[in-house]
Amino acid sequence: MFRINVIDSDVLKYKCAHIADVQTRWPNGVWTWHGTEPRALLALDKEIRKIEDTVQADLYIHIVSDAVLFRGNFFPDYKANRKAQKPVMTTFLGEYLLNEMSALQMQGLEADDLIGILMTMPRDVLIDFLNLDIEDEIEVILSTIDKDLNTIPGLHHNLTSREIYTVSEADANAMLTKQILTGDRVDNIPGIKGFAFPKDDAKTKNKLEKTLAKFPILLEEFETKDWWDAIVGVYRSEGLSERDALVTAELVKILTFKEWNVKSKVYKRWKPYDGY
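Residues numbered from 1 in each chain as written. Predicted model: local features only at pLDDT ≥ 70, side-chain atom pairs only at ≥ 80, totals over all residues. Heavy atoms only, no water.

A. Here's a closer look at the packing of aromatic side chains. Per the counting criterion, the structure on display carries eight aromatic pairs. Their ring planes at 85° and their centres at 6.5 Å tell us that Trp227 and Trp270 sit as a pair that is edge-to-face. Of this pair, Trp227 sits in helix 10 (residues 225-237) while Trp270 is found in the segment after strand 9 (266-267), placing the two residues 43 residues apart along the sequence. Side by side, Trp227 and Trp270 carry an identical accessibility label, which is buried. Aromatic side chains Trp228 and Trp270 sit 6.3 Å apart centroid to centroid with 80° between the ring planes, which places their arrangement in the edge-to-face category. Separated by 42 residues along the polypeptide, Trp228 in helix 10 and Trp270 in the segment after strand 9 bring together distant segments of the chain. The class of Trp228 is buried, set by a relative accessible area of 1%. The class for Trp270 is buried, based on a relative accessible area of 7%. Cluster of aromatic residues (ring-pair linked, three or more members): Phe222, Trp227, Trp228, Trp270, Tyr273 and Tyr276. Above the face of the Phe74 ring, Arg269 is positioned so that its terminal group lies 4.9 Å from the ring centre. (Phe/Tyr/Trp six-rings, centres within 6.5 Å; stacked < 30°, edge-to-face > 60°. Helix = DSSP H or I, 4+ residues; strand = E, 2+ residues; numbered from the N terminus. Buried < 20%, exposed > 50% of the residue type's maximum accessible area, 1.4 Å probe, protein only. Lys NZ or Arg CZ within 6 Å of the ring centre and 35° of its normal.)

B. Examining the sheet that holds strand 6 (residues 154-158) more closely. The five strands are arranged 4-1-5-6-7 in an open sheet whose pairing can be described as mixed. With partners counted over all chains shown, the strands left at the sheet margins are strand 4 (59-63) and strand 7 (164-167), one partner each. Along the sheet, successive strands turn relative to each other by an average axial angle of 30°, direction set aside. Of the strand pairs in this sheet, strand 6 and strand 7 are connected by four bridges, and their pairing is antiparallel. The residue of strand 7 that forms the bridge with Leu155 is Thr166. Against the sheet, helix 1 (residues 9-20) contacts strand 1 (2-8), strand 4 and strand 5 (138-144), and its axis sits at roughly 50° relative to strand 1. (Pairing = 2+ DSSP bridges. Axes fitted to C-alpha atoms, helices over the stretch in contact; angles between N-to-C directions. Contact = heavy atoms within 4.5 Å.)

C. Main features of helix 5 (residues 111-119). Most of helix 5 sits inside the fold, with nine of its nine residues counted as buried. Of the positions making up helix 5, those classed as buried are Ala111, Asp112, Asp113, Leu114, Ile115, Gly116, Ile117, Leu118 and Met119.

D. Geometry of helix 4 (residues 90-99). If you check which residues of helix 4 are buried, you get Thr90, Phe92, Leu93, Gly94 and Leu97. Packed against the buried residues of helix 4 are helix 1, helix 2 (37-55) and strand 4.

E. Fine view of the side chain of Thr211. Counting through the fold element by element, Thr211 comes out in helix 8 (residues 202-214). A residue is classified by how much of its surface remains accessible, and Thr211, at 11% relative accessible area, is buried. If we ignore the near neighbours within four places in the chain, the residues touching Thr211 are Phe195, Leu218 and Val234.

F. Representation of a negative patch on the surface within the structure. On the surface, a cluster of negative charge is contributed by Asp58, Asp133, Glu135, Asp136 and Glu137. As for its position among the elements, Asp58 is in the loop between helix 2 and strand 4. (Patch = residues over 30% accessible without salt bridge, like charges linked within 9 Å, V, L, I, M, F, W, Y side chains within 5 Å. Areas by Shrake-Rupley, 256 points an atom, 1.4 Å probe, with all protein chains shown as cover. Salt bridge = Lys/Arg side-chain N within 4 Å of Asp/Glu carboxyl O. Lys, Arg positive; Asp, Glu negative; His and termini not counted. Charge placed at Lys NZ, Arg CZ, Asp CG, Glu CD.)

G. Inspection of the nonpolar core at higher detail. Residues Ile4, Ile63, Leu126, Ile180, Leu181, Trp228 and Ile231 are the most contacted members of the largest nonpolar core, which totals 56 residues. Per-element tally for this core: the top contributor is helix 10, with seven residues. Setting aside its immediate chain neighbours within four residues, Trp228 contacts Glu242, Ala245, Leu246, Ala249, Trp270, Pro272, Tyr273 and Tyr276. Membership of the second largest hydrophobic core comes to 22 residues, among which are Ile7, Val11, Leu12 and Ala17. (Core = buried A, V, L, I, M, F, W, Y, C linked by side-chain atoms within 4.5 Å.)

H. Broad picture of unusual backbone geometry. Backbone geometry at Ser102 places phi at a positive 55°, although glycine is not the residue there. Following the sequence through the fold, Ser102 ends up in the loop between helix 4 and helix 5. The phi dihedral of Asn188 falls on the positive side, at around 65°, and the residue is not glycine. Position of Asn188 among the secondary structure elements: in the loop between helix 7 (169-182) and helix 8.

I. Local environment of empty space enclosed by the protein. Enumeration over the complete set of coordinates arrives at one cavity of 30 Å³ or more. There is about 50 Å³ of room inside the largest cavity. For the lining of the largest cavity, the class distribution of residues is four nonpolar, no polar and four charged. (1 Å grid on protein atoms, 1.4 Å probe; cavity = no way out; pocket = protein on both sides within 12 Å on 5 of 7 lines; lining within 4 Å. Points joined across faces, edges and corners; volume = space filled by probe spheres on them. Nonpolar A, V, L, I, M, F, W, Y, C, P; charged D, E, K, R; others polar.)

J. Representation of the environment of Lys214 in the model. For Lys214, the position within the fold is in helix 8. Sequence separation of Lys214 and Thr24 is 190 residues, and the distance between their C-alpha atoms is 56 Å.

K. Expanded view of the packing of helix 7 against helix 10. Look at helix 7 against helix 10: their axes get within 10 Å of each other, and the N-to-C directions meet at 25°. Our classification of the angle between helix 7 and helix 10 gives roughly parallel. For the crossing formed where helix 7 meets helix 10, the hand is right-handed. Contacts from Thr177, Ile180 and Leu181 in helix 7 reach Trp227, Ile231, Val234 and Tyr235 in helix 10. Per-class residue counts for the contact of helix 7 with helix 10 are six nonpolar, one polar and no charged. (Parallel < 35°, antiparallel > 145°, perpendicular 65-115°, else oblique. Left-handed = near helix turned anticlockwise from the far one by under 90°.)

Shown next, in the form of structure tokens:
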């Protein structure tokens, strides 16, 4: 078995850039904020070694996001709430991953999307895409701390806990359904007001669970007309429209091989079901 580790290196980039940040108070009372390249690279090397020790892959592929994201084309407020200043070494580490670690980056795509595409590629297509010359069976495992990638079925590795676990197709579909209902406040994605994931307060947790219990088809089916009608029904019951549901769904939906044209390297708009 040939194991390929697909790494969400946006996570590594920001974590190691934070580690490399240094605040200095000078004798004249001036404070400066700077980063050092050696400290950033040492942090990155430590993180990569931890991944290698845990995952034991035959091939490691770093994935980083493009600077301009396609979701901003149809929803300009996407991630508009992220106004905090980035760590000083962020750009340096991004360039290092691309130039020295041969990280993959695709125009308009976030790291999540390219990971989703690679995780769901048929074996022969993946071998050709990566220019591999192997005859072994392939196992692909993704490394991240991003809960959004739990919408992608397959073998997962948590970069913090170092746990390796499997996300089933049913669990991945359920996670996406919940995200369509809740939106994502971190990325400024609207959802239904008052809904939230279970880690949030009891009131919003209870509302989401009651809704899922009232409409069991939401977790029993996926990408069917009945499933989509149920989602739209929940949105309309809260005074929202099908258009609202579709915008949120397209924003939270991580691309998979089905939404990707390998030859043209252009994504295809996701549809709730065939014939929509």
